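# Commentary on secondary and tertiary structure
Below, each chain spelled out in residue letters.
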Amino acid sequence: MLDVTVTRLDPDVALPVYAHPGDAGADLVTTVDVSLAPGERALVPTGIAMALPDGFAAFVHPRSGLALRAGLSIVNAPGTIDAGYRGEIKVLLINHDRSETVTLSRGDRIAQLVVQRVEHVRFVESEVLPETARGSGGYGSTGGHATADVHEESS
Ligand SMILES: O=c1ccn([C@H]2C[C@H](O)[C@@H](COP(=O)(O)OP(=O)(O)OP(=O)(O)O)O2)c(=O)[nH]1
Ligand SMILES: [Mg+2]
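These numbers were taken from a predicted model, which means no experiment stands behind them.

About the criteria used
Residues numbered from 1 in each chain as written. Chains lettered and ligands numbered in written order. Predicted model: local features only at pLDDT ≥ 70, side-chain atom pairs only at ≥ 80, totals over all residues. Heavy atoms only, no water. Pairing = 2+ DSSP bridges. Helix = DSSP H or I, 4+ residues; strand = E, 2+ residues; numbered from the N terminus. Axes fitted to C-alpha atoms, helices over the stretch in contact; angles between N-to-C directions. Core = buried A, V, L, I, M, F, W, Y, C linked by side-chain atoms within 4.5 Å. Buried < 20%, exposed > 50% of the residue type's maximum accessible area, 1.4 Å probe, protein only. Contact = heavy atoms within 4.5 Å. Salt bridge = Lys/Arg side-chain N within 4 Å of Asp/Glu carboxyl O. pLDDT = per-residue confidence, 0-100. UniProt positions renumbered as here; feature names shortened; annotations may be inferred.

## Considering the sheet that holds strand β6 (residues 56–61)
What the 4 strands build is an open sheet, ordered β2-β11-β6-β8; its pairing is antiparallel. In this open sheet, the two strands that pair with only one neighbour each are β2 (26–29) and β8 (79–81). Within the sheet, the average angular offset between the axes of one strand and its neighbour, ignoring direction, is 35°. Pairing geometry for β6 and strand β11 (residues 109–117), over 6 bridges, is antiparallel. In the strand pairing of β11, His-61 is matched with Gln-112.

## Re the nonpolar core
Val-60, Ile-89, Val-91, Leu-93 and Leu-113 are the most contacted members of the largest nonpolar core, which has 24 residues in total. Of the residues forming this core, the biggest block, 3 residues, is contributed by β11. In this view, Leu-93 contacts Leu-36, Glu-40, Arg-41, Ala-42, Val-44, Leu-72, Ser-73, Ile-74, Val-75, Leu-104 and Ile-110; residues no more than four positions away in its chain are not counted.

## Things to note about the pattern of salt bridges
Overall, the coordinates contain 3 salt bridges when judged by the stated rule. Put simply, Asp-27 and Arg-63 hold a salt bridge, and the shortest N to O gap is 3.6 Å. Taken together, the positions of Asp-27 in strand β2 and Arg-63 in the loop between β6 and α1 (64–70) put the pair 36 residues apart, joining distant regions of the chain. Overall, Asp-27 belongs to the buried group, its relative accessible area being 8%. A salt bridge links Arg-109 to Asp-27, with the shortest nitrogen-to-oxygen separation between them at 2.9 Å. Of this pair, Arg-109 sits in strand β11 while Asp-27 sits in strand β2, and the two are 82 residues apart along the sequence. Judged by relative accessible area, which is 38%, Arg-109 ranks as partly exposed.

## Remarks on unusual backbone geometry
Each neighbour pair has its own omega, and for Ala-77 with Pro-78 the value is -15°, a cis peptide bond. Topologically, Pro-78 is positioned in the loop between β7 (72–74) and β8. Here the phi dihedral of Tyr-139 falls at roughly 55°; this positive angle occurs in a residue that is not glycine. With respect to the helices and strands, Tyr-139 occurs in the segment after β11. Looking at Tyr-139, the relative accessible area reads 91%, which means it is exposed.

## Considerations on the confidence of the model for the chain
Taken residue by residue, the chain gives an average pLDDT of 95. The fraction at 70 or more is 95%. Both confidence scores are given for the complex: pTM 0.92, ipTM 0.99.

## Regarding the UniProt feature "binding site: substrate" (unreviewed entry) in the chain
Following the UniProt record, one finds the feature "binding site: substrate" (unreviewed entry) at Arg-63, Ser-64, Gly-65, Asn-76, Thr-80, Ile-81 and Asp-82. These annotated residues cover 20 residues of sequence, and their C-alpha atoms reach 26.4 Å apart at the extreme, placing them across more than a single site. Within the fold, Ser-64 resides in helix α1. On the accessibility criterion, Ser-64 (62% relative accessible area) is exposed. As for its position among the elements, Asn-76 is in the loop between β7 and β8.

Shown next as structure tokens:
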């Protein structure tokens, strides 16, 4: 288990917490009350700053329950927290619901932080790249993709 030094910029808010021992993401809370009209976005403070070790990064992911129930997501999902960043972690929330306002209160869990090792590479220029089976095919080149009007119902 890696220790990461965290500063609470707002002493009354919770530290990031893993809801279950095997969870990938530690939940982050909002320090402010916020209402998001349909389509509206807002940069929301979490009251947390941290010192990730070199070779790590943290990624701010949406929470699936809020996405399902309220249409709440993150504009730049997943947000990238660089190891050298010492500022407050903020979450760029967006309300994707077409008709309902999303109302959040200080202390509500709004996102989850996934800490990961990241590789740093040297980008070595070459005019030719090694051949592969995929080559330059992408964007549905393997077929089998759904048509635009297919969707899954939530139950
Ligand atoms: O969801 C996010 C994304 C980023 N950050 C902070 C930490 C990160 O280290 C810094 C810069 O993020 P990013 O590199 O994604 O933004 P940029 O637009 O490239 O800004 P910069 O020019 O500062 O790198 O902003 C957050 O607090 N929340
Ligand atoms: Mg950047």
